[in-house]
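Listed here are the chains, written in short residue letters.
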Amino acid sequence: MEIVNRVAQSGIEVYDLELLWEDHPIKELDLASFLDHGILLREKPFRAQVAAYDWQEFDGVHVALFCSTEALVPMWAYMLVTSHLDRARTIATGRRADVVRDLFAMALAKEDWSRFADRIVVIKGCGSGIVPESAYTRATTELQKVARKVMFGEPCSSVPVWRRPKERVE
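What counts and what doesn't
Residues numbered from 1 in each chain as written. Predicted model: local features only at pLDDT ≥ 70, side-chain atom pairs only at ≥ 80, totals over all residues. Heavy atoms only, no water. Helix = DSSP H or I, 4+ residues; strand = E, 2+ residues; numbered from the N terminus. Buried < 20%, exposed > 50% of the residue type's maximum accessible area, 1.4 Å probe, protein only. Core = buried A, V, L, I, M, F, W, Y, C linked by side-chain atoms within 4.5 Å. Contact = heavy atoms within 4.5 Å. Pairing = 2+ DSSP bridges. Axes fitted to C-alpha atoms, helices over the stretch in contact; angles between N-to-C directions. Phe/Tyr/Trp six-rings, centres within 6.5 Å; stacked < 30°, edge-to-face > 60°. Polar contact = N/O pair within 3.5 Å; in protein donor to acceptor, adjacent residues only side chain to side chain.

**Q** Where do I start with unusual backbone geometry in this structure?
**A** Trans peptide bonds make up the majority, and among non-glycine residues the majority have a negative phi. With a phi close to 55°, H37 is a non-glycine residue in the positive phi region. Residue placement: H37 occurs in the loop between β2 (26–30) and α2 (43–52). Phi angles above zero are rare outside glycine, and D118 is one such case at about 55°. Along the polypeptide, D118 turns up in the loop between α4 (96–110) and β5 (120–124). A relative accessible area of 48% means that D118 is categorised as partly exposed.

**Q** Help me out: how do you make sense of the nonpolar core in this one?
**A** For soluble globular proteins, nonpolar side chains are generally found buried alongside one another. Grouped together as the largest cluster of nonpolar side chains are 23 residues, with contacts concentrated most on Y15, L17, W21, F104, W113 and L143. Sequence-distant contacts of W113, that is, excluding residues within four places in its chain, are made with Y15, L108, A139, E142, L143 and V146. Listed in part, the 22 residues of the second largest apolar core include V50, Y78, L85 and A88.

**Q** What is the right way to look at the sheet that holds β2 in this model?
**A** The strands making up a sheet associate through backbone hydrogen bonding, with each pair oriented either parallel or antiparallel. Across the sheet, which stays open at both edges, the three strands sit in the order β2-β3-β4 with parallel pairing between neighbours. Each edge of the open sheet carries a strand with a single partner, namely β2 and β4 (90–93). Within this sheet the neighbouring strands show an average axis-to-axis angle of 25°, counted without direction. For β2 and strand β3 (residues 62–66), the ladder comprises five bridges, and the chain directions are parallel. Residue pairing across strands places K27 opposite V63, the latter belonging to β3.

**Q** Whenever I open this one, the packing of aromatic side chains confuses me. Can you help?
**A** Aromatic ring pairs are defined here through the distance separating the ring centres and the angle between the ring planes. The full count for this structure, using the stated rule, is 12 aromatic pairs. With 6.1 Å between their ring centres and 70° between their planes, F34 and F46 make a pair best called edge-to-face. Of this pair, F34 sits in the loop between β2 and α2 while F46 sits in helix α2, and the two are 12 residues apart along the sequence. This pair shows no difference in class: F34 is buried, exactly as F46 is. Judged by centre distance (5.8 Å) and plane angle (75°), the rings of Y136 and F152 are edge-to-face.

**Q** Any chance you could explain the side chain of K149 here in plain terms?
**A** When you line up the elements, K149 lands in strand β6 (residues 149–154). Setting aside residues up to four positions removed in sequence, K149 forms contacts with R119, I120, V121, W162 and R163.

**Q** What am I meant to see in the side chain of D16 here?
**A** Tracing the chain through its elements places D16 in the loop between β1 (12–15) and β2. We classify D16 as buried; its relative accessible area is 19%. Side-chain polar atoms of D16 contact the backbone nitrogen of E18, separated by 3.1 Å.

**Q** What should I look at first to understand the sheet that holds β1 in this one?
**A** Taking strand neighbours across the sheet as the criterion, the four strands line up as β1-β5-β6-β7 in an open arrangement whose pairing is mixed. Each edge of the open sheet carries a strand with a single partner, namely β1 and β7 (157–163). Strand-to-strand twist across the sheet, computed as the mean angle between neighbouring axes with direction ignored, equals 30°. Its contacts with the sheet place helix α5 (residues 133–144) against β1, β5, β6 and β7, and it is angled at close to 175° to β5.

Okay, here's the thing in structure tokens:
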């Protein structure tokens, strides 16, 4: 008896969002460490600390820039710190999860969705957990524009999510 891989023969396209992830480290930088007692920004000492800081630890990594206290940090302070992070891979305001969300949003914006035209697509699930929910919703939104059917999971056990409505013939 010959074993037949019906999934491979089905023409189902698997879209694995994890493949969009570039595995570079993400480091968080808390602006509170540059503030007086973590809450007060005094311009001259702030500028001096920023100028004296060794920024090499952020070379080639993604940086999440945030303030962990309820301090009122003016936008120019974020901009000043950003200007010293010129060798970082990317910089985003917020925490690690915000950087991950932004990186997936950028990758999905570059995607060529036309390759899924009139296809049955399974958005792969059950991975490492790095893919944010927003990536699944964005992929679904984009695939609805071109695909015939969108499912979630694995080709052998997927959950139907959306199907293009059949056109009415009148």
